[in-house]
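Results of the structural survey
Below, each chain spelled out in residue letters.
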Amino acid sequence: MLKISLSKLDSLFELIGSEKTLYLPIEKAGQVQFYQYEKGAKVRLDALQTVKSPKDLFFPQSECYARFQVKQNNISIEAIAPCDDKFVIFGVRACDAKSFELLDRVFLSEPVDAMYRSRRENGVVVTLSCNEPEETCFCKALGIDAAAPAGDVSAAIVGDELMMEARTEKGKELCEKLAALLTEADSKDIEAYENNKKAITEIINKLPYSDLDMSAFENANELEMFKSDKWEELSEACLGCGTCTFVCPTCQCYDIRDFDTGSGVTRFRCWDSCMYSEFTQAAGHNPRTTQMERFRQRFMHKLVYFPKNNDGEYSCVGCGRCLKKCPVSLNIVKVIKGLGGNK
């Protein structure tokens, strides 16, 4: 295990940034998001969570696929090559790191999404343990350990030092390039690191949703849950605004659109939401015409359909963003409790 004083983090970030594009949780206009690092940026490793997850560094909110030009009777097509920019995402929390694994199941399954694959191959993920989890966090219920996040390199702030441990070949390569700034941790450092993990675990165990009962969704009867009379009541207040899908780290719905530039057409992919009335509408037909049906689809996918087809993995990582952001306090925890009989 390696370490560096927190007072030297700017030097660490500058060294990483000289080798690869570096993204960090940075505060701008009072909000913390993952932005490209620049000297003097207000880095917020202390912020538990960014407003949006860092998934858009692998699955961007919008990206160009192709450009079409028409000249007289000729049409030229410019295919956009996958991004080959090498980059580091530093400060990813355990829940968001887990979301990358879930997105891999979607975009790296056949047919493989070349754009996504290129970003995953070129990106290095440095995770950071959560020293102060919040009451809206429930990652433990989904089998995620906020005290020991995955990633290419896992890090933890312990006292006035940052402890780092490489977990993959990409992680080892990054740490080797940072060797001039990092030192080996001694036995006292390791002891402090382990005590820090225990302290985090104690906090997690006291959070209100840590022991959220997921048993109702284990080998759930799909049709029976689909037909449950609880969906009407659960969805009654839903506005269909799509906020939950926008901040969710595991949502992967998208649309392909063509934009007339005036001199041609640009085809791009952009995030979409199953909560919108036009989602899946084709040739004047929409199979989910009511908000209840769209609400049900979202949560059936996360809690039943996805785990059924992905070795029991739920399409939720317990980050709690939907608990914070829903304007009418509707969220996946209420659905889990409502369908599972939790109190």
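Our structure is the block above this text.
In this report, we go over the structure that sits alongside the text. (Residues numbered from 1 in each chain as written. Predicted model: local features only at pLDDT ≥ 70, side-chain atom pairs only at ≥ 80, totals over all residues. Heavy atoms only, no water.)

1. Considerations on the overall build of the protein
When its secondary structure is counted, the protein shows 11 helices and 12 strands. The C-alpha atoms of the protein give a radius of gyration of 22 Å, which matches the 20 Å a tight globule of 343 residues would have. Principal-axis analysis of the C-alpha atoms gives the protein an extent of 65 × 65 × 40 Å. Within the protein, the proportion of its 343 residues that are buried is 48%. Taking as baseline every contact in the protein between residues at least 6 positions apart, the subset at least 24 positions apart corresponds to 71%. Working note: accessible area of the protein is about 17,400 Å², and carbon and sulfur atoms make up 47% of it. Of the side-chain charges in the protein, 44 are positive and 51 negative, and the distance between the mean point of each set is 2 Å. (Helix = DSSP H or I, 4+ residues; strand = E, 2+ residues; numbered from the N terminus. Rg over C-alpha atoms; globule rule 2.2 N^0.38 Å. Buried < 20%, exposed > 50% of the residue type's maximum accessible area, 1.4 Å probe, protein only. Contact = heavy atoms within 4.5 Å. Areas by Shrake-Rupley, 256 points an atom, 1.4 Å probe, with all protein chains shown as cover. Lys, Arg positive; Asp, Glu negative; His and termini not counted. Charge placed at Lys NZ, Arg CZ, Asp CG, Glu CD.)

2. Some points on the pairing of strand β7 (residues 123–128)
Looking along a regular strand, one sees side chains alternate from face to face of the sheet. Burial of β7 is extensive: 6 of the 6 residues sit out of reach of the surface. Taking every second residue as pointing to the same face, both faces of β7 are buried, with Gly123, Val125 and Thr127 on one and Val124, Val126 and Leu128 on the other. Of the pairings in the sheet, the one linking β7 to strand β8 (residues 153–158) comprises 3 bridges and is parallel in character. If you follow Thr127 over to β8, its bridge partner there is Ser154. (Pairing = 2+ DSSP bridges.)

3. Observations concerning the pattern of salt bridges
Summed over the entire model, instances satisfying the criterion amount to 24 salt bridges. Arg44 is the salt-bridge partner of Asp46, the closest N and O atoms lying 2.8 Å from each other. By relative accessible area, which is 56% here, Asp46 ends up exposed. Asp255 is the partner of Arg257 in a salt bridge, and the nearest nitrogen-oxygen pair spans 3.0 Å. Note on Arg257: relative accessible area 42%, which makes it partly exposed. Put simply, Glu27, Lys42, Arg44 and Asp46 are held in one network by salt bridges that share partners. (Salt bridge = Lys/Arg side-chain N within 4 Å of Asp/Glu carboxyl O.)

4. Observations concerning the sheet that holds strand β6 (residues 87–92)
The strands making up a sheet are joined through hydrogen bonds of the backbone, oriented either antiparallel or parallel. The 8 strands are arranged β3-β2-β6-β7-β8-β9-β1-β10 in an open sheet whose pairing can be described as mixed. The open sheet has two free edges, formed respectively by β3 (31–36) and β10 (183–184), since each of these has just one partner strand. Bridging between strand β2 (residues 21–28) and β6 involves 3 bridges; their strand directions are parallel. Counted as the bridge partner of Thr21 is Phe87 from β6. The strands touched by helix α2 (residues 94–107) within the sheet are β6 and β7, with β6 carrying the most contacts at an inclination of about 135°. Packed on one face of the sheet, helix α5 (residues 187–206) meets β1 (2–5), β8 and β9 (161–166) and runs near 90° to β8. (Axes fitted to C-alpha atoms, helices over the stretch in contact; angles between N-to-C directions.)

5. A few points about the environment of Ser109
Mapped onto the fold, Ser109 is located in the loop between α2 and α3 (114–122). You can call Ser109 partly exposed: its relative accessible area is 34%. A distance of 2.4 Å separates a polar side-chain atom of Ser109 from the backbone oxygen of Arg105. (Polar contact = N/O pair within 3.5 Å; in protein donor to acceptor, adjacent residues only side chain to side chain.)

6. A few points about helix α4 (residues 169–177)
Regarding α4, the residues found buried are Gly171, Leu174 and Cys175. For α4, the angular spread of buried residues about the axis comes to 95°, placing them on one side. For α4, the exposed residues set more than 90 degrees away from the buried face come down to Glu169 and Glu176. Looking at the packing, one finds that the buried side of α4 touches β1, β6, β7, β8 and β9. (Arc of directions from axis to C-beta.)

Note that all results are geometric; they support no functional claim without further evidence.
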